[in-house]
Amino acid sequence: MSLLEAENISIEFGGLKAVQNFNLKLKDHELFSIIGPNGAGKTTIFNMLTGIYTPTSGIVKMNDVVMNGKKIHEFTHMGIARTFQNIRLFGAASVLENLTIAMQSDAKYGLFDSLLRTSKFKAREKEIKENARELLSFFELDKKESFLAKNLPYGEQRKLEIARAMATHPKVLCLDEPAAGMNPSEVEDLIGIINKIRSSYDITIILIEHHMNMVMAIADRIKVIEFGITIAEGQPDEIKNDPKVIEAYLGKEEEQYA
């Protein structure tokens, strides 16, 4: 049984086939990367794997449970979390509040406790804040817990978004171009954070990314998409030397990592 599995998933928009017969079997604790040119269908695949879109055909399974048609919060409950290409933090909320909000789905108290601020409510809220602060420390954001999220430097906003996804205790973390807009120093910091997550948590990661140095350095397996169709799959060394991939995406060998 695979942790997360896609069986021949396809999706159409107004007759346009955006993704065709995509297959995926995620292994525990691996880092699987999906790469391809802009418009290849990578984010559309993420949207099907996280409940934003329901495939036109094919099946998405999590721990052998069919997920087609389930709500986004049900995907989250099953252990799938994601980030987005465009940062979607609560900009007017503090760094700490961004995490405590994400943790509310596991609050374990009712409306009555919340309205009357019972001892159960207070104890759980204290626990949530403690857990949030531990996560902020892990991401080296603990000294900025009172900052508004919108006032963080760009690279730290990216880290906070990943931290917020981690706050839901995922089994599968889907990162959609987390290095987009980062400078080389920030990219190196992000690689360190991802490696730290892998070494510290029992988690599987799916990564969409255009920074090939990053992908080749940390991915266990890579799948290459072009016009919604899979054209190659394998380990990093296999992918970077595949003629079809070089022609479709990586470019001339000397330009692969520009």
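Everything discussed here concerns the structure shown above.
Criteria and cut-off values
- Residues numbered from 1 in each chain as written.
- Predicted model: local features only at pLDDT ≥ 70, side-chain atom pairs only at ≥ 80, totals over all residues.
- Heavy atoms only, no water.
- Helix = DSSP H or I, 4+ residues; strand = E, 2+ residues; numbered from the N terminus.
- Rg over C-alpha atoms; globule rule 2.2 N^0.38 Å.
- Contact = heavy atoms within 4.5 Å.
- Areas by Shrake-Rupley, 256 points an atom, 1.4 Å probe, with all protein chains shown as cover.
- Lys, Arg positive; Asp, Glu negative; His and termini not counted.
- Charge placed at Lys NZ, Arg CZ, Asp CG, Glu CD.
- Buried < 20%, exposed > 50% of the residue type's maximum accessible area, 1.4 Å probe, protein only.
- Salt bridge = Lys/Arg side-chain N within 4 Å of Asp/Glu carboxyl O.
- Pairing = 2+ DSSP bridges.
- Axes fitted to C-alpha atoms, helices over the stretch in contact; angles between N-to-C directions.
- Core = buried A, V, L, I, M, F, W, Y, C linked by side-chain atoms within 4.5 Å.

Draft legend 1. Here's a closer look at the overall build of the protein chain. Assigned secondary structure in the protein chain consists of 10 helices and 10 strands. Here the C-alpha radius of gyration of the protein chain, 19 Å, is about what a compact globule of 258 residues would show, namely 18 Å. Taking as baseline every contact in the protein chain between residues at least 6 positions apart, the subset at least 24 positions apart corresponds to 66%. Of the roughly 12700 Å² of accessible surface on the protein chain, a fraction of 50% belongs to carbon and sulfur atoms. With 31 positive and 36 negative side-chain charges, the protein chain shows a separation of 7 Å between the mean positions of the two kinds.

Draft legend 2. Highlighting helix α3 (residues 95–102). For α3, the tally of buried residues reaches 6 of 8 residues, placing the bulk of the element in the interior. Among the residues making up α3, those that are buried are Val95, Leu96, Asn98, Leu99, Thr100 and Ala102.

Draft legend 3. Looking closely at helix α1 (residues 42–49). Along α1, 7 of the 8 residues are buried, which leaves the element largely enclosed by surrounding structure. Lys42, Thr44, Ile45, Phe46, Asn47, Met48 and Leu49 are the residues of α1 that are buried. In the stretch just after α1, Gly51 is the one whose phi turns positive, near 90°.

Draft legend 4. Broad picture of the pattern of salt bridges. For the structure shown, the criterion picks out 11 salt bridges. Residue Glu7 is joined to Lys61 by a salt bridge in which the shortest nitrogen-to-oxygen separation is 3.3 Å. Taken together, the positions of Glu7 in strand β1 (residues 4–13) and Lys61 in strand β4 (residues 57–62) put the pair 54 residues apart, joining distant regions of the chain. Overall, Glu7 belongs to the partly exposed group, its relative accessible area being 26%. Its relative accessible area of 18% is what places Lys61 among the buried residues. The salt bridge partner of Asp189 is Lys159, with a shortest N-O separation of 3.5 Å.

Draft legend 5. Representation of the sheet that holds strand β3 (residues 31–35) within the structure. Sheet architecture is open: 6 strands sit in the order β6-β7-β8-β3-β9-β10, paired in mixed fashion. The outermost strands of the open sheet, each flanked by one partner alone, are β6 (80–82) and β10 (229–234). Going across the sheet, the axis of each strand differs from the next one's by a mean of 20°, ignoring polarity. As paired strands, strand β7 (residues 172–176) and strand β8 (residues 204–208) are joined by 5 bridges and run parallel to one another. Within the sheet, the bridge partner assigned to Cys174 lies in β8 and is Ile206. Against the sheet, helix α6 (residues 154–166) engages β6 and β7, with an angle of about 155° to β7.

Draft legend 6. Inspection of the nonpolar core at higher detail. Counting 50 residues, the largest nonpolar core has Phe139, Leu160, Leu173, Ile197 and Met214 as its most contacted members. Of all the elements, helix α7 (residues 184–200) adds the most residues to this core, at 6 residues. Of all hydrophobic cores here, the second largest spans 27 residues; its members include Leu3, Ile11, Leu49 and Ile208.

Draft legend 7. Representation of the pairing of β3 within the structure. Along β3, 5 of the 5 residues are buried, which leaves the element largely enclosed by surrounding structure. Note: β3 against β8, 4 bridges, orientation parallel. Its bridge partner being in β8, Ile34 is matched across the sheet by Ile208. Both β3 and strand β9 (residues 221–226) contribute to a ladder of 4 bridges, which runs parallel. Each bridged residue has a counterpart across the sheet, and for Ile34 the counterpart in β9 is Lys223.

Draft legend 8. Summary view of the pairing of β10. When β9 meets β10, the two strands line up antiparallel, connected through 5 bridges. Within β10, the residue paired with Ile222 across the bridge is Gly234. Connecting β9 to the antiparallel partner β10 that follows it, the hairpin turn spans 2 residues, and Phe227 within it adopts a positive phi of roughly 50°.

Draft legend 9. Looking closely at the side chain of Asp242. Tracing the backbone shows Asp242 in the loop between α9 (236–240) and α10 (243–250). As a buried residue without a salt bridge, Asp242 has its nearest oppositely charged side chain in Lys244, at a separation of 4.8 Å.

Draft legend 10. Spotlight on the sheet that holds β1. The strand order across the open sheet formed by 4 strands is β2-β1-β4-β5, and the pairing between neighbours is antiparallel. With one partner strand each, in any of the chains shown, β2 (16–25) and β5 (65–66) form the two edges of the open sheet. The pairing of β1 with β2 spans 6 bridges and is classified as antiparallel. When the bridges of β2 are listed, Glu12 appears paired with Lys17. On the sheet, α1 packs against β1, β2 and β4 and is oriented at approximately 120° with respect to β1.

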